[in-house]
Amino acid sequence: ELEQADALVLGEGRLDRQTLEGKIAARAAVRAAGAGVPIFAVVGRDELGPHAAALGLELVLEAGDPEAFERAGAAIAERVLAGPGPERAPVSQPPR
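These notes cover the structure that comes with them. Since this is a predicted model, take the numbers as computed values, not measurements.

1. Brief notes about helix H3 (residues 66-82)
Item 1. The end-to-end C-alpha separation of H3 is 24 Å, in line with the 24 Å expected for 17 residues at 1.5 Å each.
Item 2. Of the positions making up H3, those classed as buried are Ala68, Ala72, Ile76 and Arg79. The arc that holds every buried residue of H3, seen down its axis, measures 70°, which confines them to one face. Exposed residues pointing more than 90 degrees away from the buried face of H3 are listed as Pro66, Glu70, Glu78 and Leu81.
Item 3. The opening residue of H3, the one whose side-chain oxygen lies 3.0 Å from the backbone nitrogen of Glu67, is Asp65.
Item 4. Downstream of H3 by one or two residues, Gly83 has phi in the positive range, about 80°.

Written out as structure tokens, the structure reads:
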């Protein structure tokens, strides 16, 4: 059950206007948001920037290589473990 999930992590090659127009990732995000599940995205390229908040995404991380994927996973785990709160406001940023 989605309601029991700690988080939903989406993977997209490119987060763009087509995503907003109904790609599977957008439909999954809508379902997760409706269930109160935090949503994160790891993408090759983020073309939505702040508009990603329209999908309810709490964090969008670009990851184009194995090290970036590892950093993205760590960043998402840190936010999920932190639990809800002001530090989990929606944000779009590349991994550091």
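Moving on, there is more to tell.
2. Remarks on the side chain of Asp46
Item 1. Examined against the element boundaries, Asp46 turns out to sit in strand E2 (residues 39-46).
Item 2. In this structure, Asp46 is buried with no salt-bridge partner, the nearest side chain bearing the opposite charge being Arg45 at 8.7 Å.

3. Let's talk about the pattern of salt bridges
Item 1. What the rule picks out here adds up to five salt bridges.
Item 2. Linking Asp16 and Arg14 is a salt bridge whose minimum nitrogen-to-oxygen distance equals 2.9 Å.
Item 3. Glu47 is paired through a salt bridge with Arg45; the nearest N and O atoms lie 3.5 Å apart.
Item 4. A residue is classified by how much of its surface remains accessible, and Glu47, at 39% relative accessible area, is partly exposed.
Item 5. By sharing partners, the salt bridges in this structure join Glu12, Arg14, Asp16, Lys23, Arg45 and Glu47 into a single network.

4. Some words on the environment of Val42
Item 1. Within the secondary structure layout, Val42 lies in strand E2.
Item 2. Separated by 22 residues in the primary sequence, Val42 and Gly64 place their C-alpha atoms 9.4 Å from one another.
Item 3. Ignoring sequence-local partners within four residues, the contact set of Val42 consists of Val9, Leu10, Gly11, Glu12, Leu61, Ala63, Phe69, Ala72 and Ile76.

Calculation rules
Residues numbered from 1 in each chain as written. Predicted model: local features only at pLDDT ≥ 70, side-chain atom pairs only at ≥ 80, totals over all residues. Heavy atoms only, no water. Helix = DSSP H or I, 4+ residues; strand = E, 2+ residues; numbered from the N terminus. Expected span 1.5 Å × (residues − 1). Buried < 20%, exposed > 50% of the residue type's maximum accessible area, 1.4 Å probe, protein only. Arc of directions from axis to C-beta. Polar contact = N/O pair within 3.5 Å; in protein donor to acceptor, adjacent residues only side chain to side chain. Lys, Arg positive; Asp, Glu negative; His and termini not counted. Salt bridge = Lys/Arg side-chain N within 4 Å of Asp/Glu carboxyl O. Contact = heavy atoms within 4.5 Å.

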